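What follows is each chain in one-letter form.
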Amino acid sequence: MYLGIDLGTSNSAIVGYVEGDTRLFKSADGADVLPSAIYLDRRGHRFVGKAAYDRAISAPKSVAMGFKRLMGTKSPVDLGGESWTPEQCSAEIIKTLVSQATSEMPGVSVDGAVITTPAAFNQMQCEATIEAAKSAGLERVSLLQEPVAAAMAAIAKSSFKDGVFLIYDLGGGTFDVALVLSTSGAVNVVAHEGINMLGGRDFDRRVFDSVVRPWLVETFNLPDHFQKDERFRHLADVCRHAIERAKIQLSSSETASVFASEDEIRMQDLDGEEIYVSVDLTRSDLEGIVRDRVEDSIALCRKIIADNGYRNEDVTKIVPIGGPSKMPIIRDMLQQQLAIDVETGLDPMTAVAVGAAIFAESRSWDGDQSARKTARGQALVDGDVDLKLDFVARTSDDSVRLRVTPGKNVPDGCSIEVLDEEGSSSGKMSLDGPVRLSLSVRKSGVNRYKVRVTAPDGREIETASRDIEVVKVQSSAAAIPMTYNLAVKVQEGQVGYERNKLNKLIAKNTQLPAQGVQEFRAAKTIKAGENANLTVEFFEMVGNLDDPERNLHIGDFRLSGMTDLDRGERIDRGDTLKIHWTMSDNLALAFSVEIPSLGRMIDVRNLYFVDAARLNYEGELGSEIANSLLERAEEDLNEIEDTLGGETAETSELRKRIERQHSSLSTSIDSDTHRSVSEEARKLRQDVALLARSPANEERVLSREVSEAEETFDDIRASASQVEIERHEKLLVTARRLIRERDFDGARNALHEMKSIRFKALFNDPGFLVGIFENLQNDRHLSMDHALHDKLVETGKEAIASGDVEMLRAAIGGLISNRINTGSDADEIVALSDIFAA
């Protein structure tokens, strides 16, 4: 039995592939889906699913929900006074789902399982999902992007096996859209996009902020920011649960009530009044609240269709997936704005699990690794008769071709026929040359045939006869695409004036599995036995935006002088490093480094440090992280508006997005909100940077940067050497000429070198170093290791007191290396990559 698991933010489902067909395994209470909720009672007993979901109002402190959106972070989940990780919570859901399957089919072994993930999931989130599956006891497990699974389910259930399909996947926590081409049931993902923090929970938060929270503040005497007050913190959790129930009700009725009684809330306001919630909500109210976010999702649909050379009329159907996609506004707006038929015959709650089960059956498993089963079949016959049989062993078609090639040893007058399981014959054909036979594939799963060779007298030549099998699949995945650009951070530029940039390793939409070799050079020297690392930092890169500070850091590979180099070995600065990489269609990255100077290969498969990029978004710490990233986005926006001479339509929309994030931060303190704001702040910075590089703005933006570079250097000229002054002046002239010639990439390179010259000059100024240190020491919330931050701060203070400039530089370098990317100027001074592009 193969299992497909849809591990959802709000609900999860499990489907098995058994004897050629899919089978939905229901929850203990007979439901198709299992609420992704865990309840821990006072005695430590665990309840998973509806029993936990039903206690979300009466015992919110003892219920965990929505933890999928925290996967890949260090944010703890508070469950009945215990601190769980998001991975531990997800493992409980997976265990419960698997038990649903094994209890219905006792004694049947699990040959392999596939868990679906949003296409927008990054490497950290995928790693966390695999970790949860292993903790749940699944050894043979792979991942599959939700749009691919949805497409496979849609094709399997559809009479249309050929066409272009738009998968609209709106779940509880994420939105994915994929453009899928199906040919004879073989699914090929043409392109996909996603928004990591757009889903039903975001709709719930909007209803709370715009309707329920104002009602509570008006009706009861509550602190202005009661969510941040320990006495009232769980009131928001209770309300959101009530909002979700009302939202679901509005999918089938025009009105609903967001309701929670005094007995359920069990909380008093500042005047001692019992708090309850009773707010009427209409479908039109809800639609008005979420309409702009639905517009965002549809805009992404338009973009993916146009960017890939299609028109709306080329798309056969829209396939809506996920619970929130059942909202009438979603289907109405999709139909009205895209003018494409919307699929109505597929259950959006279980389709992804169905597709995952179909995909799981298509894999051959070897331990925790899987590979695509071959679609080609072959059998060789030798002895009295020599034959070669070639056929399609896996198909979604109703028939396949069998090619029979006779060898030298075939007596004259022999014939061949094929009998299926019902005894039907293909008819006898003479074996006087190559023969092609059509085999009917009547049923899903295994179809068995007997290839029968007869002598001239009609007697069967048993030694020449063979049994073959053809598996009829409901659909198949022709190609799994890479969901993002995988890049490594490298340094470039003249010695002393280096800067960091991203070097793309694997391009988005590359068909997986994929592998390659890329050359780099070591930017530092490490020796065997020394406590030093050569670190390769990985990023999720947006488009061609190669600034590391505006992209997501997703982990490191580290070569250690203590453990990876043998005695007497060393890697010198400038040595060639050949990085051999393999990315499976499970999004598992394998990595090894060839060092020609040592004549050896170091396999660093197990040296991927994803924890280096995981952050804790809990409480005030998470709020400070989100605020810092949002402030940087606002600074970027102010800069481009100054350059463009004021607000434009594009910057106005960006500012509205920033204001929405500030509003979310002011009313919420949960980890989910902090992560959501942080994700949006990074996306805002990326969008501002892309706006600056747009053809309409690029010349003005670069011209202003050149003018600012000239003014800034005038202020620090006294700290620069004569060589640096002359080089900076020459670069100014070069940059202005390149802008006139519209060589904008060249102008940017000149600006980067000018910036490096300015920083080098300043970095020799002890006063400047002290200023940087004082700024960094206050950013404890941005550090990945708080204990290390505190230690480096003490080192820096000691260096300032003793006047040790080198010690101060080292402390600053450590502080910057230990903090998350915010795009501050200080990051570019010393946090240089350990590798160069070759």
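Residues numbered from 1 in each chain as written. Predicted model: local features only at pLDDT ≥ 70, side-chain atom pairs only at ≥ 80, totals over all residues. Heavy atoms only, no water.

*Asks:* Provide a residue-level description of the overall build of the protein, including the pertinent values.
*Replies:* Within the protein one finds 20 helices and 42 strands. With the C-alpha coordinates of the protein rotated into their principal frame, the extents come out at 105 × 75 × 55 Å. Buried residues in the protein amount to 56% of all 838 residues. Restricting to contacts in the protein with at least 6 residues of sequence separation, those with at least 24 account for 67%. In the form shown here, the protein has an accessible surface area of approximately 34,800 Å², with 45% of it arising from carbon and sulfur atoms. Positive and negative side-chain charges of the protein, numbering 100 and 137 respectively, have mean locations separated by a distance of 4 Å. (Helix = DSSP H or I, 4+ residues; strand = E, 2+ residues; numbered from the N terminus. Buried < 20%, exposed > 50% of the residue type's maximum accessible area, 1.4 Å probe, protein only. Contact = heavy atoms within 4.5 Å. Areas by Shrake-Rupley, 256 points an atom, 1.4 Å probe, with all protein chains shown as cover. Lys, Arg positive; Asp, Glu negative; His and termini not counted. Charge placed at Lys NZ, Arg CZ, Asp CG, Glu CD.)

*Asks:* Describe a negative patch on the surface, listing the residues and the values that go with them.
*Replies:* A cluster of like negative charges, contributed by Glu262, Asp263, Asp271, Glu273 and Glu274, occupies part of the molecular surface. The class for Glu273 is partly exposed, based on a relative accessible area of 47%. (Patch = residues over 30% accessible without salt bridge, like charges linked within 9 Å, V, L, I, M, F, W, Y side chains within 5 Å. Salt bridge = Lys/Arg side-chain N within 4 Å of Asp/Glu carboxyl O.)

*Asks:* Provide a residue-level description of the packing of helix H18 (residues 786-802) against helix H19 (residues 805-817), including the pertinent values.
*Replies:* Running from amino to carboxyl end, H18 crosses H19 at an angle of 160 degrees, the nearest separation of the two axes being 8 Å. It follows from the interaxial angle that H18 and H19 lie roughly antiparallel. As for how H18 packs across H19, the hand of that crossing is left-handed. Contact with H18, carried on its side by His789, Leu792, Val793, Thr795, Gly796, Glu798, Ala799 and Ile800, involves Met807, Leu808, Ala811, Gly814 and Leu815 of H19 and no other residues of that element. (Axes fitted to C-alpha atoms, helices over the stretch in contact; angles between N-to-C directions. Parallel < 35°, antiparallel > 145°, perpendicular 65-115°, else oblique. Left-handed = near helix turned anticlockwise from the far one by under 90°.)

*Asks:* Go over the sheet that holds strand S21 (residues 387-392), please, and point to the residues and values.
*Replies:* As summarised here, the arrangement of the four strands in space is S20-S21-S23-S26, forming an open sheet in which the pairing is antiparallel. Each edge of the open sheet carries a strand with a single partner, namely strand S20 (376-381) and strand S26 (435-440). Sheet twist, expressed as the average angle between the axes of neighbouring strands with direction ignored, equals 20 degrees. (Pairing = 2+ DSSP bridges.)

*Asks:* Explain the sheet that holds strand S5 (residues 37-40) to me, using residue names and the numbers behind them.
*Replies:* What the three strands build is an open sheet, ordered S6-S5-S7; its pairing is antiparallel. Of all the strands in the sheet, just strand S6 (46-48) and strand S7 (63-65) have a single pairing partner and so form its edges. Recorded for the sheet is a direction-independent mean angle of 20 degrees between the axes of neighbouring strands.

*Asks:* Explain the nonpolar core to me, and be specific about the residues and the numbers.
*Replies:* Grouped together as the largest cluster of nonpolar side chains are 71 residues, with contacts concentrated most on Ile94, Leu486, Phe538 and Met583. Sorting elements by how many residues they give to this core places helix H2 (residues 86-104) first, with seven residues. Dropping the residues within four chain positions of it, Ile94 is found in contact with Ile5, Leu7, Ile115, Ala132, Ala133, Ala136 and Leu138. By size, the runner-up hydrophobic cluster in this structure holds 55 residues, among which are Ile57, Ala246, Ile265 and Met333. (Core = buried A, V, L, I, M, F, W, Y, C linked by side-chain atoms within 4.5 Å.)

*Asks:* Can you break down the pattern of salt bridges residue by residue, with the values?
*Replies:* Tallied over the full model, the rule gives 65 salt bridges. A salt bridge links Arg736 to Glu710; its shortest N-O distance comes to 2.8 Å. With Arg736 in helix H15 (residues 722-740) and Glu710 in helix H14 (residues 698-716), the pair connects residues that are 26 residues apart, well separated along the chain. Arg736 sits in the partly exposed class, given a relative accessible area of 32%. Residue class for Glu710 comes out partly exposed when judged on its relative accessible area of 30%. For Asp714, the salt bridge is made with Arg717, and the minimal N-O distance between the two is 3.0 Å. The exposure class of Arg717 is partly exposed, given its relative accessible area of 28%. Taken together, the shared-partner salt bridges connect Arg69, Asp202, Arg205 and Asp672 into one network.

*Asks:* Outline a positive patch on the surface, listing residues and values.
*Replies:* A grouping of Lys388, Arg401, Arg403 and Arg436 is seen on the molecular surface, where their side chains present a positively charged patch. Its location among the elements puts Arg403 in strand S23 (residues 399-406). Take Arg403: its relative accessible area is 31%, and that puts it in the partly exposed class.

*Asks:* Explain the pairing of strand S1 (residues 2-6) to me, using residue names and the numbers behind them.
*Replies:* Among the five residues in S1, five count as buried, and that is most of the element. Residues Tyr2, Gly4 and Asp6 point to one face of S1 and Leu3 and Ile5 to the other, with burial holding for every one of them. Bridge count between S1 and strand S10 (residues 112-117): five bridges; the pairing is parallel. The residue of S10 that forms the bridge with Ile5 is Ile115.

*Asks:* Requested: an account of the packing of H14 against helix H16 (residues 744-763), with residues and values cited.
*Replies:* It is at 11 Å that the axes of H14 and H16 come closest, and there the two elements cross at 20 degrees. On the basis of their axis angle, the class for H14 and H16 is roughly parallel. Crossing angle aside, the handedness with which H14 passes H16 is left-handed. Along its contact with H14, which presents Glu698, Glu699, Leu702, Glu705, Val706, Ala709, Thr712, Phe713 and Ile716, the element H16 presents Phe744, Ala747, Arg748, Leu751, Met754, Ile757, Arg758, Ala761 and Leu762.

*Asks:* I'd like a rundown of the confidence of the model for the protein, residues and numbers included.
*Replies:* Confidence in the prediction for the protein averages 87 pLDDT; 97% of positions are at 70 or higher. Confidence drops under pLDDT 50 across residues 824-830; counting only partners more than four residues distant or on other chains, this segment forms 19 contacts. (pLDDT = per-residue confidence, 0-100.)

*Asks:* Can you tell me about the packing of aromatic side chains, naming the residues and giving the values?
*Replies:* With the rule as written, the count across this model stands at nine aromatic pairs. Between the aromatic rings of Phe208 and Phe226, the centroid separation amounts to 6.4 Å while the plane-to-plane angle is 75 degrees, which identifies the pairing as edge-to-face. With Phe208 in helix H5 (residues 200-219) and Phe226 in the loop between H5 and helix H6 (233-249), this residue pair connects regions lying 18 residues apart in the sequence. Owing to a relative accessible area of 0%, Phe226 belongs among the buried residues under this scheme. Plain terms: the ring middles of Phe220 and Tyr276 are 5.4 Å apart, the flat faces sit at 85 degrees to each other, and that makes the pair edge-to-face. (Phe/Tyr/Trp six-rings, centres within 6.5 Å; stacked < 30°, edge-to-face > 60°.)

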